[in-house]
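Each chain is listed here by its residues.
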Amino acid sequence: MTQSTASLQIRSDTIQENPPISLLKLEGRFDAEGLPVVLAEIEKSRSTGSIRFMVDLEEVTFIGSAGIGIFLSLVEELNSEGGGVVFLSVPEAIQRIFDVLNVLEFLQIRNDQESAREILLSGNA
Amino acid sequence: MSTDDRNEGKAMRHREFDALEEDQVGSVTFRQESTYEGESADHRTGACYEIEIPARIESIGPLCAFLNMIGECHGLRESELQSIEIAAYEIGLNIIEHAYGFDPNARIGVRMKMLPERAQLLFLDQGRAFDMESIPEPDMADPHVRRRGRGFGLQIIRKSMDQIRYRRVAGQNQLYLVKLIGNRAHARSRVLALQKGDIA
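Residues numbered from 1 in each chain as written. Chains lettered and ligands numbered in written order. Predicted model: local features only at pLDDT ≥ 70, side-chain atom pairs only at ≥ 80, totals over all residues. Heavy atoms only, no water.

Draft legend 1. Spatial organisation of the layout of surface pockets. Of the pockets and cavities examined, the second largest pocket occupies roughly 670 Å³. Lining the second largest pocket are 27 residues, with Ser65 and Ala66 of chain A together with Glu97, Arg150 and Gly151 of chain B sitting closest to its centre. Of all the secondary structure elements, the ones that give two or more residues to the lining of the second largest pocket are helix 1 (35-47) and helix 2 (65-80) of chain A together with helix 4 (78-99) and helix 6 (153-160) of chain B. A per-element tally of the lining of the second largest pocket places helix 4 of chain B first, with six residues. For the lining of the second largest pocket, the per-class residue count stands at 15 nonpolar, seven polar and five charged. (1 Å grid on protein atoms, 1.4 Å probe; cavity = no way out; pocket = protein on both sides within 12 Å on 5 of 7 lines; lining within 4 Å. Points joined across faces, edges and corners; volume = space filled by probe spheres on them. Helix = DSSP H or I, 4+ residues; strand = E, 2+ residues; numbered from the N terminus. Nonpolar A, V, L, I, M, F, W, Y, C, P; charged D, E, K, R; others polar.)

Right under this line is the structure:
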């Protein structure tokens, strides 16, 4: 399923049913206008009981502090429920912002879905 | 992300800026050989640019595109452009939310001056006083802070720019920022430090 704003596209999929793993793929600028759409997609997946997420950021060109805040909050929330979040293919510019905020150590970042899946299923996300 | 993708992203940002209508952004002017009140006492020649935008969230993207275009024209590196863009974005949002309280009729002035070794930015607004220096840094090691998911913008601004100064003058907020650019900036700062005896 795909949702979009003027500058951001969000595609959500369930890539595994049992236990469920949700995939969110973002493309474009994740700025303030994209926040409600991303939140809605996360909530939609959460409402199905999913506590394991992959967030593909490969095509994201910009992310603001509020977008990072949503992700950090999701990580903490899902970790406390025994699930987790793995970020896929994070561009250098986005990693730099994570680094500026000193949050890289709290995030799981991988370059392929298979290793992301392993982490999510191991309970170490 | 490929070079083609990055170029397409830049082209998209340029189109975003080009598509702006005059009444949405206000005037855009270009000046040279001038300094602004509130800047440091640096009288060297630099190219100066000004833009005034409505204090609305939808104006921030075009503002970033405008600053990006200037930076590109002056040969800034990708990482320098990104630092300026994220800082400008977060400052714009802070002014809209905290200084103006989402007043749709308010406006934000932005001046950018390019010198050989640095980019200077000055944000001007007539909203409530807001001194970012008075706000403590978030403790990112605290899981409650991360879970709250808010209040990270100021930290991004602080870490993205090399110098930040705020002052309130006659009801106006003036936020002055500097980004050092290029190898010449590094060389020059070392020469100055040597002259001052800061480096052996």
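Draft legend 2. How the structure looks around the pattern of salt bridges. Under the definition given, this model contains 13 salt bridges over all chains. We note a salt bridge from Asp13 of chain A to Arg11 of chain A, for which the minimum N-O separation is 2.9 Å. Of the residues examined, Asp13 of chain A reaches a relative accessible area of 31% and is grouped as partly exposed. Relative accessible area serves as the criterion here: at 35%, Arg11 of chain A is assigned to the partly exposed category. Between Glu92 of chain A and Arg96 of chain A there is a salt bridge, with the nearest N and O atoms lying 3.3 Å from each other. Pair noted here: Glu92 of chain A and Arg96 of chain A are both in helix 3 (residues 92-100), with a separation of four residues, about one helical turn. In this structure Arg96 of chain A comes out as partly exposed when scored by relative accessible area, which is 29%. Each of Arg29 and Asp31 of chain A together with Glu85 of chain B takes part in a single network of salt bridges with overlapping partners. (Salt bridge = Lys/Arg side-chain N within 4 Å of Asp/Glu carboxyl O. Buried < 20%, exposed > 50% of the residue type's maximum accessible area, 1.4 Å probe, protein only.)

Draft legend 3. Seen up close, the interface of chain A and chain B. Chain A puts 28 residues into the contact, and the matching count from chain B is 25 residues. Both sides together, the interface formed by chain A and chain B hides about 2200 Å², and carbon and sulfur atoms give 64% of it. Applying the counting rule to chain A against chain B returns two salt bridges. A salt bridge links Glu76 of chain A to Arg146 of chain B; its shortest N-O distance comes to 2.9 Å. The tally of links between chain A and chain B comes to seven residue pairs in polar contact (both at pLDDT 80 or more). (Contact = heavy atoms within 4.5 Å. Buried area = accessible area lost by both parts, 1.4 Å probe. Polar contact = N/O pair within 3.5 Å; in protein donor to acceptor, adjacent residues only side chain to side chain.)

Draft legend 4. Main features of the confidence of the model for chain B. Per-residue pLDDT for chain B has a mean of 80; in total, 68% of the residues score no lower than 70. Note on residues 19-25 of chain B: pLDDT is under 50 here. Beyond four places in sequence and across chains, it has ten contacts. (pLDDT = per-residue confidence, 0-100.)

Draft legend 5. View of empty space enclosed by the protein. Residue and element names in this part refer to chain B. All told, the structure shown has two cavities of 30 Å³ or more when counted by the stated rule. If you add up the space inside the largest cavity, you get close to 140 Å³. Ile91, Asn94, Ile95, Ala99, Asp125, Phe130, Met132, Leu154, Ile157, Tyr166, Asn173 and Leu175 are the residues that line the largest cavity. Only helix 4, helix 6 and strand 6 (172-180) provide two or more residues apiece to the lining of the largest cavity. Tallying contributions element by element places helix 4 first for the lining of the largest cavity, with four residues. Residue classes in the lining of the largest cavity are distributed as nine nonpolar, two polar and one charged.

Draft legend 6. How the structure looks around the sheet that holds strand 3 (residues 20-30) of chain A. All names here are of chain A. Read across the open sheet, the six strands follow the order 1-2-3-4-5-6; overall the sheet is mixed. The sheet is open, and its two borders are formed by strand 1 (2-4) and strand 6 (108-110), each paired with just one other strand. The mean angle between the axes of side-by-side strands here comes to 25 degrees, regardless of whether they run parallel or antiparallel. Two elements, strand 4 (residues 52-63) and strand 5 (residues 84-88), share five bridges in a ladder whose sense is parallel. Bridging across to strand 5, Phe53 finds its partner in Val85. Packed onto the sheet, helix 1 meets strand 1, strand 2 (8-17), strand 3 and strand 4 and runs at close to 175 degrees relative to strand 3. (Pairing = 2+ DSSP bridges. Axes fitted to C-alpha atoms, helices over the stretch in contact; angles between N-to-C directions.)

Draft legend 7. Spotlight on the environment of Ile109 of chain A. Residues and elements named next belong to chain A. As for its placement among the helices and strands, Ile109 is situated in strand 6. C-alpha of Ile109 to C-alpha of Ala125: the two residues are 16 residues apart in sequence and 9.7 Å apart in space. When sequence neighbours within four positions are dropped, the list of residues in contact with Ile109 reads Phe87, Val90, Gln95, Phe98 and Leu104.

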